[in-house]
Amino acid sequence: MARFTADITPHPEAIGRLADDVSDFLRGAGVDARAVHHVALVIEEILTNVATHGGCPDLPATIALEVRQDRVSGEIGDQGRSFDPRTAPTPDIDAPIDERQIGGLGLHLVKHLTSALEYRSDGTQNWTTFCIPRT
Amino acid sequence: MQFIISDEAGATAKIVLVGKLDIAGADVIALALATLAGSKKGLVVDLSGVTFLASIGVRHLVMATKTLTRKGGKLVLVGPTDAVKEVLVTSGVTDLMPIVATERDAYALIG
């Protein structure tokens, strides 16, 4: 079972580099291109959320991934404000352009692309875990 | 993320985006996209060179579309890869900004 871990300070450039490293690792582990893209996107969206809404973008976050036969499972630990991504309001993606809200899309993508999404806080860290199916 | 703008003199402009339209890439294109949306009637956005699209990139495209639509204009996307197209479809924006295969189709649609 291939495993990837990394520490990151969630700044924009670092998030981009991490998404590249994750993609390289997953491709090397034989994961299909679509799942590679989904994992990179989910990590990017969760870390972008930590960077923009977490309140402490200079505190490091940790990422761990495991490649399993039918899925990629991941865990992100961050020290930002407590936030359960599962409770984020769902944006109305059918609204006409005038009424279309521009927020909330990132977590909408995360919920859509993951087959499992869990969250817990241990008082100092947020732990977001997810699974993304391989195809 | 890099971009090239052409046809600046007419009512319709084209912007070609190349690279990752992620949180860092969105910062690079934000001003150019907003300026074009504010000054043009039509905007052709060539996505064929975009390798990764995150929600922040979609937000910038939606904001530009809002600006153009308010004055009766249009934003058309050209040639996204399957991965990028999937993000656009999942985000529910393909009814706001049409996706076409070629630049010629985009100009025809804008008229």
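Residues numbered from 1 in each chain as written. Chains lettered and ligands numbered in written order. Predicted model: local features only at pLDDT ≥ 70, side-chain atom pairs only at ≥ 80, totals over all residues. Heavy atoms only, no water.

A. How the structure looks around the overall build of chain A. Of the regular secondary structure elements, chain A holds three helices and five strands. Starting at the N terminus and ending at the C terminus, chain A contains elements arranged as β-α-α-β-β-α-β-β. In terms of principal-axis extent, the alpha carbons of chain A reach across some 45 × 35 × 25 Å. Scored against the burial criterion, the 135 residues of chain A give a buried share of 52%. (Helix = DSSP H or I, 4+ residues; strand = E, 2+ residues; numbered from the N terminus. Buried < 20%, exposed > 50% of the residue type's maximum accessible area, 1.4 Å probe, protein only.)

B. View of the interface of chain A and chain B. Facing 27 residues of chain A, the contacting portion of chain B comprises 24 residues. Of the roughly 2200 Å² buried where chain A meets chain B, counting both sides, 64% is carbon and sulfur surface. The three residues of chain A that bury the most area against chain B are His37, Ile97 and Ile102 of chain A, which together make up 30% of that side's buried surface. Along the contact surface separating chain A from chain B lie three salt bridges. Between Lys20 of chain B and Asp20 of chain A there is a salt bridge, and its shortest N-O distance comes to 2.9 Å. At the boundary of chain A with chain B, the tally comes to 11 residue pairs in polar contact (both at pLDDT 80 or more). Going through the elements one at a time, α1 (12–28), α2 (33–53) and α3 (105–113) of chain A are the ones with two or more residues in the side of chain A that touches chain B. Here the side of chain A that touches chain B takes eight residues from α2 of chain A, the largest share from any one element. Along the lines of polarity and charge, the residues of the side of chain A that touches chain B split into 12 nonpolar, seven polar and eight charged. (Contact = heavy atoms within 4.5 Å. Buried area = accessible area lost by both parts, 1.4 Å probe. Salt bridge = Lys/Arg side-chain N within 4 Å of Asp/Glu carboxyl O. Polar contact = N/O pair within 3.5 Å; in protein donor to acceptor, adjacent residues only side chain to side chain. Nonpolar A, V, L, I, M, F, W, Y, C, P; charged D, E, K, R; others polar.)

C. Spotlight on the pattern of salt bridges. Residues and elements named next belong to chain A. Applying the stated criterion across every chain yields a total of 12 salt bridges over all chains. The residue Arg68 makes a salt bridge to Glu66 at a minimum N-O spacing of 2.6 Å. With a relative accessible area of 31%, Arg68 lands in the partly exposed category. Through salt bridges with shared partners, a single network forms among Arg3, Glu66 and Arg68.

D. Expanded view of the sheet that holds strand β4 (residues 74–78) of chain B. Residues and elements named next belong to chain B. Reading across the sheet, the five strands line up as β1-β2-β3-β4-β5 and stay open at both edges, with mixed pairing between neighbours. Each of the sheet's edge strands pairs with one partner strand only, and the pair in question is β1 (2–6) and β5 (99–100). By the bridge criterion, five bridges tie strand β3 (residues 42–53) to β4 in an arrangement that is parallel. Its bridge partner lying in β4, Val45 is registered against Leu77. (Pairing = 2+ DSSP bridges.)

E. View of the packing of aromatic side chains. Tallied over the entire structure, the rule returns one aromatic pair over all chains. Where Phe4 of chain A meets Phe25 of chain A, the ring centres are 5.3 Å apart and the plane angle is 40 degrees; that geometry is what we call tilted. Remark: Phe25 of chain A occurs in helix α1 and Phe4 of chain A occurs in strand β1 (residues 3–8); sequence separation between them is 21 residues. For Phe4 of chain A, a relative accessible area of 13% puts it in the buried group. The ring of Phe52 of chain B has Lys20 of chain B sitting right over it, with the charged end atom 5.3 Å from the ring centre. (Phe/Tyr/Trp six-rings, centres within 6.5 Å; stacked < 30°, edge-to-face > 60°. Lys NZ or Arg CZ within 6 Å of the ring centre and 35° of its normal.)

F. Main features of the sheet that holds strand β4 (residues 116–121) of chain A. All names here are of chain A. In spatial order, the strands read β1-β2-β3-β5-β4; together these five strands make up an open sheet with antiparallel pairing. With one partner strand each, in any of the chains shown, β1 and β4 form the two edges of the open sheet. Taken pair by pair, the neighbouring strands of this sheet meet at an average axis angle of 10 degrees, ignoring direction. Of the strand pairs in this sheet, β4 and strand β5 (residues 126–133) are connected by six bridges, and their pairing is antiparallel. Paired with Glu118 across the strands is Thr129, a residue of β5. With respect to the sheet, α1 is in contact with β1, β2 (61–67) and β3 (71–78), its orientation differing from that of β1 by roughly 170 degrees. (Axes fitted to C-alpha atoms, helices over the stretch in contact; angles between N-to-C directions.)

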